[in-house]
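# Results of the structural survey
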Amino acid sequence: MKNASELTDFYYKTLYPTLQELEEDRKHLRHRIVVVGIIYSLVVVLIAFSLSSFIAQSPDFLFFIGFGYFALGAIIYKFLIKDYTTEFKQSVIKPLIHAIDDKLSYNSNHHVTEHIFTRSDLFSEPDRMNGNDYVRGNIDGTKIEFSDIHAEKRHKNSKGQESWSTIFKGLFIVAEFNKNFHGKTLVLPDTAQSTFGNLIGNWLQSNNFSRDELVKMDDNNFEKEFVVYSSDQIEARYILSHSLMKKLLDFKNKSEHPVYISFIGNHIHMAVYYDKDLFEPSVFRSLLEYKIAMEYVKTLHLAISIVDELKLNQKLWSKQ
Amino acid sequence: MSTSLIIVIVIALVLILMYNSLVAKKNQVENIFASVDTVLKKRYDLIPNLVATVSKYMEHEKSLLTEVTKLRADANKPNISDEQKIALDAKISSALGSIMIAVENYPDLKANENVMHLQGTLNELEEQLSAARRAYNQAVTDYNNAIEMIPTNFMASAMAYKRKQVFEIVESERKNVNVKELFNS
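Residues take numbers from 1 onward in each chain, read along the sequence in its written order. In the order they appear in the text, chains get letters beginning with A and ligands get numbers beginning with 1. At least 70 in pLDDT is required for a residue's local features to be given in this predicted model, at least 80 for side-chain atom pairs to be given and counted, and no such filter applies to totals for whole chains, interfaces and linings, which use all residues. Side-chain metrics rest on all non-hydrogen atoms present in the structure, leaving aside hydrogens and water.

- Named according to an unreviewed UniProt entry, chain B is LemA family protein originating from Sulfurimonas gotlandica.
- UniProt positions are given in the numbering used here, feature names are shortened, and annotations may be inferred rather than shown by experiment. Under Subcellular location (unreviewed entry), UniProt gives the following word-for-word description of chain B: "Membrane".
- On record in UniProt, under Sequence similarities (unreviewed entry), the comment for chain B is "Belongs to the LemA family."

- Going by an unreviewed UniProt entry, chain A carries the name Putative Galanin and comes from Sulfurimonas gotlandica.

Here it is as structure tokens:
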């Protein structure tokens, strides 16, 4: 497997002619978006002016115009960038994934199924889920799949108005685990201890009735970052060996984002919270910018390298 | 309700909570020790197979094999205390480790399918044992803390609860297991 710097080289050297073409498209697209945006804004302002007497009578109407302006604007923006996004994913993201491992398959429209997301038990069950950039394959005999995911929950207020809140947005990875286990073990970011300190934080964690038993781990650095809940105290430690705890900590530090991990049904599920749509092309920044390239490479490499980094390909245990 | 009655009820509640938490911690230690015992038994059961498979090759390490067989016999004796089990476990771990290192000196033996299978099983058991020991140590630490810290220490001494011993984790188990070293080197 290529490392991150080799991939950045690949991004610039092999994909350079494609990137140059796309960069031209991006500049045209940016120009078109600015022109369409100005015309669209002017039209909305004109409509608002023509309805000024009506707005004076009921000022609430102005709020609806504002809401409509942003909603329709977002739809127009999505429509304008659609072709460019498709082109970018097929000619940049897909080759990047194949450069990491040519046996991996990529589909820009699919995502990890809702069944797997719910099975992970990391977040509450979503009422609506979408995502894209689905990658699936086999690395050194270990099955892995991941995608971008946006899971949401529906809320209704007393007036019956509907609203949506985000449960999770980011990268969701699922892979076969190399040890057999029967229970359920969850590794979550330790917000209680970091917010309320050791004493109160620990008390809060051990009284979390929505989770299984609290498992105190014998690695101080790991304990500072994560909190572990499991249906089986011994199995949790069988899965989370000293070396795996260290690797998960390294993974968390490398990702620089909150990481949620669960071990259920002989699989490891990892959710990295980015709070943004990943692998999307930048419209207002150059594709040739180093930082932009590094972000794509880093995220892809982070997802695919977990098999290697967590040594999931080592069939050392009874599971062959 | 009079103030004194409220105070009596509160004190009684606190005492009940302390008593229950101490009993729960003691039971947790016993419960996890039972799991450690199960894995230890699995390991004892594996020893005769291991000895039978490697003994015909390992002429120079006969004493090691005799020692591990004797330790197994001791561990299987009835009515041995938890402390003795912990001490025997440490000795068996060390003896099995030495056998595995000795296997490296016999190329035929190292490539033998039975030995490789035994190594895999032993590896798995060691990992399970390590997990059970760590869970036990955490339960013992919680229990020991409770019987030494204020205010539960007063209740614990009234209940005649004594400190319990933890398993000492072998330093080599903290290291990552290297498959290449185990099978190919």
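There is more to say, and it comes next.
## Description of the UniProt feature "coiled-coil region" (unreviewed entry) in chain B
- Cross-referencing UniProt, the feature "coiled-coil region" (unreviewed entry) maps to residues 115-142 of chain B in the present numbering.
- The way it works is that DSSP assigns letters per residue, a run of H or I at least four long becomes a helix, a run of E at least two long becomes a strand, and they are numbered from the N terminus. Split by type, residues 115-142 of chain B is 100% helix and 0% strand. Its first and last C-alpha atoms lie 40 Å apart.

## Describing the pattern of salt bridges
Residues and elements named next belong to chain A.
- A side-chain nitrogen of Lys or Arg and a carboxyl oxygen of Asp or Glu constitute a salt bridge if their distance falls within 4 Å. One pass over the structure, following the stated rule, counts 22 salt bridges over all chains.
- The closest approach of N and O atoms between Glu 23 and Arg 26, which form a salt bridge, is 2.9 Å. Of this pair, Glu 23 and Arg 26 both sit in helix α2 (residues 16-50), 3 residues apart, which is roughly one turn of that helix. Each member of the pair, Glu 23 as well as Arg 26, is classed as buried.
- Linking Glu 289 and Arg 285 is a salt bridge whose minimum nitrogen-to-oxygen distance equals 2.8 Å.
- Think of it in three bands: residues with accessible area under 20% of the maximum for their type are buried, residues over 50% are exposed, and the middle band is partly exposed, with areas taken using a 1.4 Å probe on protein chains only. Since its relative accessible area comes to 31%, Glu 289 is described here as partly exposed.
- Given a relative accessible area of 36%, Arg 285 falls into the partly exposed group.

## Let's talk about the layout of surface pockets
- A pocket, in this scheme, is an open set of points on a 1 Å grid over the protein atoms alone with protein on both sides within 12 Å along at least 5 of 7 lines, while a cavity is a set where a 1.4 Å probe fits but cannot get out; residues line either one if an atom lies within 4 Å of a point. Grid points are joined across faces, edges and corners, and a volume is the space filled by probe spheres set on the points. Its volume calculated, the largest pocket comes out at about 1,900 Å³.
- Around the largest pocket, the lining comprises 50 residues; the ones closest to its centre are Asn202(A), Ser206(A), Lys216(A), Lys25(B) and Asp142(B).
- Looking at the lining of the largest pocket, the elements with two or more residues in it are α6 (191-206), β6 (213-215), α7 (220-225) and α8 (233-239) of chain A together with α1 (3-55) and α5 (113-148) of chain B.
- With 9 residues, α5(B) is the largest single contributor of residues to the lining of the largest pocket.
- When residue character is reported, Ala, Val, Leu, Ile, Met, Phe, Trp, Tyr, Cys and Pro are called nonpolar, Asp, Glu, Lys and Arg charged, and the others, Gly included, polar. Grouping the amino acids of the lining of the largest pocket by side-chain chemistry returns 20 nonpolar, 16 polar and 14 charged.

## Some thoughts on empty space enclosed by the protein
Residues and elements named next belong to chain A.
- This structure, assessed with the given rule, holds 1 cavity of 30 Å³ or more.
- One number sums up the size of the largest cavity: a volume of about 40 Å³.
- If you trace the largest cavity, you find it lined by Gln 193, Asn 202, Gln 205, Leu 214, Val 215, Lys 216, Glu 223, Val 227 and Val 228.
- Looking at the lining of the largest cavity, the elements that each hand over two or more residues are α6, β6 and β7 (226-230).
- Tallying contributions element by element places α6 first for the lining of the largest cavity, with 3 residues.
- Its residues placed into classes, the lining of the largest cavity shows 4 nonpolar, 3 polar and 2 charged.

## Examining the nonpolar core
- Grouped together as the largest cluster of nonpolar side chains are 66 residues, with contacts concentrated most on Leu96(A), Leu240(A), Phe263(A) and Met270(A).
- For this core, the element with the most residues is helix α4 (residues 60-100) of chain A, which contributes 10 residues.
- Whether two residues touch is decided by their heavy atoms; if any such pair falls within 4.5 Å, the residues are in contact. In this structure Leu240(A) touches Thr185(A), Val187(A), Met217(A), Phe222(A), Val228(A), Met245(A), Leu248(A), Phe263(A) and Arg134(B), once residues within four positions along its chain are discounted.
- For our purposes a nonpolar core is just a set of buried Ala, Val, Leu, Ile, Met, Phe, Trp, Tyr and Cys residues, chained together by side-chain atoms within 4.5 Å. The next biggest cluster of nonpolar side chains, apart from the first, holds 53 residues, and it includes Val36(B), Ile92(B), Met100(B) and Ala132(B).

## Some words on unusual backbone geometry
- Across the junction of Ile150(B) and Pro151(B), the peptide omega takes the value 5°, indicating a cis bond.
- Despite not being glycine, Lys311(A) has its phi angle at roughly 55°, a positive value.
- With respect to the element layout, Lys311(A) can be found in the segment after α11 (306-309).
- Owing to a relative accessible area of 30%, Lys311(A) belongs among the partly exposed residues under this scheme.
- Here Asn79(B), not a glycine, exhibits a phi torsion of approximately 60°, which is positive.
- Its place among the elements puts Asn79(B) in the loop between α2 (62-75) and α3 (82-103).

## Some points on a nonpolar patch on the surface
All names here are of chain A.
- Patches here are clusters of residues that have more than 30% relative accessible area and form no salt bridge, with a 9 Å joining cutoff for like charges and a 5 Å cutoff for nonpolar side chains (Val, Leu, Ile, Met, Phe, Trp, Tyr). Note on areas: these come from Shrake-Rupley sampling with a 1.4 Å probe, and a residue is covered only by the protein chains present in the view. Together, Val 34, Ile 38, Leu 42, Tyr 77 and Phe 284 make up a nonpolar patch on the protein surface, roughly 480 Å² of accessible area in all.
- Structurally, Val 34 is set in helix α2.
- Judged by relative accessible area, Val 34 falls into the partly exposed class, the value being 42%.

## Focus: the packing of helix α1 (residues 4-13) of chain A against α4(A)
Residue and element names in this part refer to chain A.
- In contact at an axis separation of 11 Å, α1 and α4 are set at 140° when each is read in the N-to-C sense. When the axis of α1 is compared with that of α4, the two are oblique. Of the two possible hands of crossing, α1 and α4 adopt the one that is right-handed. Residue-level contacts link Leu 7, Phe 10 and Tyr 11 of α1 to Val 92, Pro 95, Leu 96, Ala 99 and Ile 100 of α4.
- Split by residue class, the contact of α1 with α4 holds 8 nonpolar, no polar and no charged. Axis angles are defined between N-to-C directions and span 0 to 180 degrees, where every axis is a line fitted to C-alpha atoms and, for a helix, only to the segment in contact. Any angle that is under 35 degrees is reported as roughly parallel, and any over 145 degrees as roughly antiparallel; angles of 65 to 115 degrees are reported as roughly perpendicular and all others as oblique. Handedness of each helix crossing follows the sense of rotation of the near helix against the far helix: counterclockwise by less than a right angle gives left-handed, clockwise gives right-handed.

## Points about the sheet that holds β7(A)
Residues and elements named next belong to chain A.
- Two strands form a pair only when DSSP identifies at least two bridges running between them. Spatially, the 9 strands line up as an open sheet ordered β1-β2-β3-β4-β9-β8-β5-β7-β6, and their pairing is antiparallel. The sheet terminates laterally at β1 (105-107) and β6, the two strands that pair on one side only. Mean inter-strand twist for the sheet, computed between neighbouring axes without regard to direction, equals 20°.
- Bridge count for β1 against strand β2 (residues 128-139) is 3 bridges, and the pairing is antiparallel. Among the inter-strand pairings, Tyr 106 is bridged to a residue of β2, identified as Val 135.
- Sheet strands touched by α4: β1 and β2. Its angle to β1, the strand with the most contacts, is close to 150°.

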